[in-house]
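Take a look at the letters that make up each chain.
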Amino acid sequence: MPTCKQCNNDVDELKSVKVGGKTKKMCEDCADRAAEEGAVAEESEAVVQNMMGFKGRR
Ligand SMILES: [Zn+2]
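Residues numbered from 1 in each chain as written. Predicted model: local features only at pLDDT ≥ 70, side-chain atom pairs only at ≥ 80, totals over all residues.

## Structural notes on the overall build of the protein chain
As a reminder of what qualifies: In this text, helices come from DSSP runs of H or I with a minimum length of four residues, and strands from runs of E with a minimum of two, each type numbered from the N-terminal end. For the exposure call, what matters is how many other C-beta atoms sit within 10 Å of a residue's own: 20 or more marks it buried, 12 or fewer exposed, and in between partly exposed, using C-beta atoms placed from the backbone. We call two residues in contact if the C-beta atoms placed from their backbones are at most 7 Å apart.
Helices and strands together make up the secondary structure of the protein chain, namely one helix and two strands. In sequence order, the secondary structure elements of the protein chain are arranged as β-β-α. Looking at the protein chain as a whole, 9% of its 58 residues qualify as buried. A sequence separation of at least 24 residues applies to 6% of the contacts in the protein chain between residues at least 6 apart.

What follows is the structure in structure tokens.
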């Protein structure tokens, strides 16, 4: 059984997830968490860009 290096749990399957340009193997839980964190970072960047776009148009 593979072991997730992120949470040290034995899992059925490891997923390959790209985090910060590097591919890491982790369980589904950790992959979800990483995806959430990544989405948050992307979202906040998009929000800043949207706000700047707003100001530019006004
Ligand atoms: Zn894990």
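## Examining the nonpolar core
Put simply, the rule is: The term nonpolar core means buried Ala, Val, Leu, Ile, Met, Phe, Trp, Tyr and Cys residues held together as one set by C-beta atoms within 7 Å.
Grouped together as the largest cluster of nonpolar side chains are five residues: Cys-4, Val-17, Met-26, Cys-27 and Cys-30. In this structure Val-17 touches Lys-24, Met-26, Ala-31 and Ala-34, once residues within four positions along its chain are discounted.

## Notes on the pairing of strand β1 (residues 15–19)
Note the following rule: Any two strands are treated as partners once DSSP identifies two or more bridges connecting them.
Strand direction decides the pairing type here: β1 and strand β2 (residues 22–26), joined by five bridges, are antiparallel. Looking at β2, one finds that Val-19 is bridged to Lys-22. Hairpin remark: β1 followed by β2, antiparallel, with two residues in the connecting loop; positive phi at Gly-20, about 60 degrees.

## Side note on the confidence of the model for the protein chain
Basically, it comes down to this: One number per residue, pLDDT, summarises how confident the predictor is, and it ranges from 0 to 100.
Per-residue pLDDT for the protein chain averages 83, and the proportion of residues at 70 or more is 83%. No element of the protein chain has a lower mean pLDDT than helix α1 (residues 28–57), which averages 76, and none a higher one than β2, which averages 90.

## Quick word on unusual backbone geometry
Residue Asn-8 is not a glycine yet carries a positive backbone phi of 60 degrees. Examined against the element boundaries, Asn-8 turns out to sit in the segment before β1. In this structure Asn-8 comes out as exposed when scored by C-beta crowding, with 8 C-beta atoms within 10 Å.

## Quick look at the environment of Glu-37
Here Glu-37 shows up in helix α1. Glu-37 sits in the exposed class, given 11 other C-beta atoms within 10 Å. When the C-alpha atoms of Glu-37 and Val-19 are compared, they prove to be 9.8 Å apart, with 18 residues separating the residues in sequence.

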